[in-house]
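Letter by letter, the chains look like this.
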Protein chains: 2
Amino acid sequence: MPQTQTARLMDGTGLARRIVESSSATAADILRHTGASPCLATVLVGEDPASVTYVRMKRSRCEKAGIESRHVALPASVSTAELVATITALSQDPTVHGILLQHPVGPHIDERAAFEAIAPDKDVDGVTMHSFAAMGFGLPGFVSCTPGGIMRLLDEYDVDLTGKHAVVVGRSAILGKPAGMLLLGKNATVTYCHSRTADLPAIVRQADVLLAAVGRPRFITGADIKPGAVVIDAGYNPGNVGDVDFDSARERASLITPVPGGVGPMTIAVLLAQTVEAATRQLGLD
Amino acid sequence: MPQTQTARLMDGTGLARRIVESSSATAADILRHTGASPCLATVLVGEDPASVTYVRMKRSRCEKAGIESRHVALPASVSTAELVATITALSQDPTVHGILLQHPVGPHIDERAAFEAIAPDKDVDGVTMHSFAAMGFGLPGFVSCTPGGIMRLLDEYDVDLTGKHAVVVGRSAILGKPAGMLLLGKNATVTYCHSRTADLPAIVRQADVLLAAVGRPRFITGADIKPGAVVIDAGYNPGNVGDVDFDSARERASLITPVPGGVGPMTIAVLLAQTVEAATRQLGLD
């Protein structure tokens, strides 16, 4: 019989709440000292229902935390030049401290050009090339929110990454790639797997720390999880299902994030925390 | 008995020569069309003998290829502000097409600030944050020269990277890290190992493509090389010794770069090629 155990859950909901409470307290301090609240600009192109919902949720969370949000809704027909001009104006506006461009922006738009119009010191969503390189080189800067949330969870549960084999399944620009760089910065041995990986289970089985970020429901099962591994499930598929088969994985892992309530809540918490941090710096309060 | 064979050598000297010949022909075209040659500015801080030699070698290779080089020698006592100002001026000078800041610049200088003063379109050495992110995201831009040379060698020898397990030993900002990103961009499964990796041989043994970039003489031996692997030795240690024990590795690998004559010559070739490419674009000849 293989070793079985029941993994301890990593409580993203609770940690996220504490982060938001701390950010909210700082936002209140900022208001007291300056007469204005930290401000996040949200930019939405078109009316994709999922995007509308995400932005509304982010704005609502800002409001509850005492962070002002300024919403810019642009028609789906907006050009790259118009979108870049809008974001550039927000980058130059001293009353805006953070900028979030909701992805995706539509196939006719050069999304990279739009992201790059975000000033690095306002890139609280961690999407610019500058922020990616900062994560890669271990330099000061804002992190992509989901990878940043994952690192905070690992830290909260005292996971020492030095020398551990971290396997990242997925290589997107906002999740897998930056997460791998952050894990490498913490001295993990890092493997990037993806859709073209030849023998994925053979590599997943080596993971001391497994990050699933592929967007395929229950793609990774307990049979492929190394006993005692730390399992981070960044998937969020229809029906509240992660990329990891939770029930079987839980019998093998030592620590695991549930879906929902694991990585999900951390993403917005990091967004709010970085917005408050950006405001603190831009207002000279640090 | 383990499978033994004698690996085919990857001839960096020959490929580098062909790249330089091609760049030289383009440089001659540029001179004919514009009356001026492509120009690389080399910036050297202090008089470290190895750095002096490297810069002299690079300038000599430029000259032979019909690329003008403009040398800026600064005293070891130069401040970060002065160095940044010098590089910013070169970034703005339309007669300079590429900029190379010789590493290292001395411990009292903020080297990152100096690198970031290089305009991305003149970053022919591929050291800026912009260039790193471009490599990470598969966007247009200049590559770090040694990783770029390695990718050209792999391409020259028809190494299909898709689904292959590429193991990068070393995680420096100018070699290991960007090389891993380029390999990932070619659909390899990529593992980053380093000094803190727990069981290095166990991971090296899985490598279909092994990149040794640690700067430790004969650090990797044939016993740890998977039969048939492609072995890229980016090490260059005293006595013309690589990071791989060549004799034993050659009995296991299918393709291997010798030291010298493998990766080494490719680095300068890519520097020259990117300088000519930068001039071509800046002069509107593309």
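My aim in this report is to walk through the structure given alongside it, one point at a time. Note that the structure is a prediction, hence the values are computed from the model and not measured.

1. Brief notes about the packing of helix α5 (residues 129-137) of chain B against helix α7 (residues 176-185) of chain B
All names here are of chain B.
Logical step 1: At a closest axis distance of 7 Å, the pairing of α5 and α7 adopts a crossing angle of 30 degrees. On the basis of the axis angle, α5 is roughly parallel to α7. Contacts between α5 and α7 involve F132, M135 and G136 from the former and K177, P178, M181 and L182 from the latter.
Logical step 2: Split into classes, the residues belonging to the contact of α5 with α7 amount to five nonpolar, one polar and one charged.

2. So, the packing of aromatic side chains
Logical step 1: Scanning the entire structure with this criterion turns up four aromatic pairs over all chains.
Logical step 2: Each ring, one from F132(A) and one from F132(B), has its centre 5.7 Å from the other, and the planes form 15 degrees; the classification is stacked. Within this pair, whereas F132(A) is found in helix α5 (residues 129-137), its partner F132(B) is found in helix α5, the two belonging to separate chains. The same class applies to F132(A) as to F132(B), namely buried.
Logical step 3: Ring geometry for Y192(A) and Y192(B): centres 6.3 Å apart, planes at 70 degrees, overall edge-to-face. Pair noted here: Y192(A) is in strand β6 (residues 189-193) and Y192(B) is in strand β6 (residues 189-193), and the two residues belong to different chains.
Logical step 4: The rings of F132(A), F137(A), F132(B) and F137(B) are connected pair by pair, giving a single aromatic cluster.

3. Description of the sheet that holds strand β7 (residues 209-212) of chain B
Logical step 1: Taking strand neighbours across the sheet as the criterion, the 12 strands line up as β1(A)-β9(A)-β8(A)-β7(A)-β5(A)-β6(A)-β6(B)-β5(B)-β7(B)-β8(B)-β9(B)-β1(B) in an open arrangement whose pairing is mixed. Two strands close off the open sheet at either side, each with one partner strand: β1 (8-9) of chain A together with β1 (8-9) of chain B.
Logical step 2: In the sheet, β7(B) pairs with strand β8 (residues 230-233) of chain B via four bridges, with the strands oriented parallel. Opposite V209(B), over in β8(B), you have V230(B) as the bridge partner.

4. Things to note about the interface of chain B and chain A
Logical step 1: Every contact between the two is made by 30 residues of chain B and, on the other side, 30 residues of chain A.
Logical step 2: For the pair chain B and chain A, the summed buried surface comes to about 2,800 Å²; carbon and sulfur atoms form 67% of the total.
Logical step 3: When residues of chain B are sorted by the area they lose upon contact with chain A, M129(B), F137(B) and L184(B) head the list and together hold 23% of the total.
Logical step 4: For the pair chain B and chain A, the number of links is zero salt bridges.
Logical step 5: Remark: the boundary between chain B and chain A carries 14 residue pairs in polar contact (both at pLDDT 80 or more).
Logical step 6: For the side of chain B that touches chain A, the secondary structure elements donating two or more residues are α5, α7 and β6 of chain B.
Logical step 7: If one sorts the elements of the side of chain B that touches chain A by residue count, α5(B) sits on top with seven residues.

5. Section: the relation of the copies chain B and chain A
Logical step 1: Of the two same-sequence chains, chain B is brought onto chain A (RMSD 0.0 Å, axial shift 0.0 Å) by a rotation of 180 degrees. The superposition operator between the copies reduces to a two-fold rotation axis. Every residue of chain B has its C-alpha some distance from the rotation axis, and the shortest such distance is that of T191(B), at 2.0 Å.
Logical step 2: The overlap is high: 100% of the interface residues of chain B also sit at the interface in chain A, so the same surface is used on both sides.

6. Concerning the pairing of strand β2 (residues 39-45) of chain A
Residue and element names in this part refer to chain A.
Logical step 1: Most of β2 sits inside the fold, with seven of its seven residues counted as buried.
Logical step 2: Neither face of β2 is left uncovered, since the one carrying C39, A41, V43 and V45 and the one carrying L40, T42 and L44 both have all their residues buried.
Logical step 3: Of the strand pairs in this sheet, β2 and strand β3 (residues 68-74) are connected by seven bridges, and their pairing is parallel. Residue pairing in the sheet places A41 in a bridge with R70 of β3.
Logical step 4: Considered for its hand, the β-α-β crossover made up of β2, helix α2 (residues 49-64) and β3 is right-handed.
Logical step 5: Where β2 and strand β4 (residues 98-101) come together, four bridges link them in parallel fashion. For V43, the partnering residue across the bridge sits in β4 and is L101.

What counts, and at which threshold
- One numbering rule holds for all chains: residues counted from 1, following each sequence as written.
- Each chain gets a letter, beginning with A, and each ligand a number, beginning with 1, in the order they are written.
- Per-residue local features are limited, in this predicted model, to residues with pLDDT of at least 70; the limit for side-chain atom pairs, both in listing and counting, is 80 or more; totals at the level of whole chains, interfaces and linings are taken over all residues.
- The side-chain numbers reported here are obtained from all heavy atoms of the structure, hydrogens and water having been left aside.
- Only the contacting stretch of a helix is used when fitting its axis, a line to C-alpha atoms as for every element, and angles between N-to-C directions run 0 to 180 degrees.
- Labels follow the DSSP assignment, with helices taken as runs of H or I lasting at least four residues and strands as runs of E lasting at least two, numbered in each case from the N terminus.
- Just so you know how the angles are binned, under 35 degrees is roughly parallel, over 145 roughly antiparallel, 65 to 115 roughly perpendicular, and the rest oblique.
- Note on contacts: a residue pair is in contact if any heavy atoms of the two residues lie within 4.5 Å.
- Here the nonpolar group is Ala, Val, Leu, Ile, Met, Phe, Trp, Tyr, Cys and Pro; Asp, Glu, Lys and Arg are the charged ones; every other residue, Gly included, is treated as polar.
- Ring geometry is summarised as follows: Phe, Tyr and Trp rings, the Trp one being its six-membered ring, pair when their centres sit within 6.5 Å, and such pairs are stacked at plane angles under 30 degrees, edge-to-face over 60 and tilted between the two.
- Burial status follows relative accessibility: with a 1.4 Å probe on protein chains alone, a residue under 20% of its type maximum counts as buried, one over 50% as exposed, and anything between as partly exposed.
- Two strands make a pair as long as DSSP finds a minimum of two bridges between them.
- The term buried area refers to how much accessible surface (probe radius 1.4 Å) is lost by two components on association, counted for both of them together.
- Basic side-chain nitrogens of Lys or Arg form a salt bridge, by our definition, when they fall within 4 Å of a carboxyl oxygen of Asp or Glu.
- Polar contacts, as counted here, are pairs of nitrogen or oxygen atoms within 3.5 Å of one another; within protein the pair requires one atom able to donate a hydrogen and one able to accept it, and residues that are adjacent in sequence qualify only if both atoms are side-chain atoms.
- The superposition of copies rests on a least-squares fit of C-alpha positions from residues with pLDDT of 70 or more in both.
- Seen with the strands pointing away from the viewer, any crossover whose path from the first strand over the helix to the second strand runs clockwise is right-handed.

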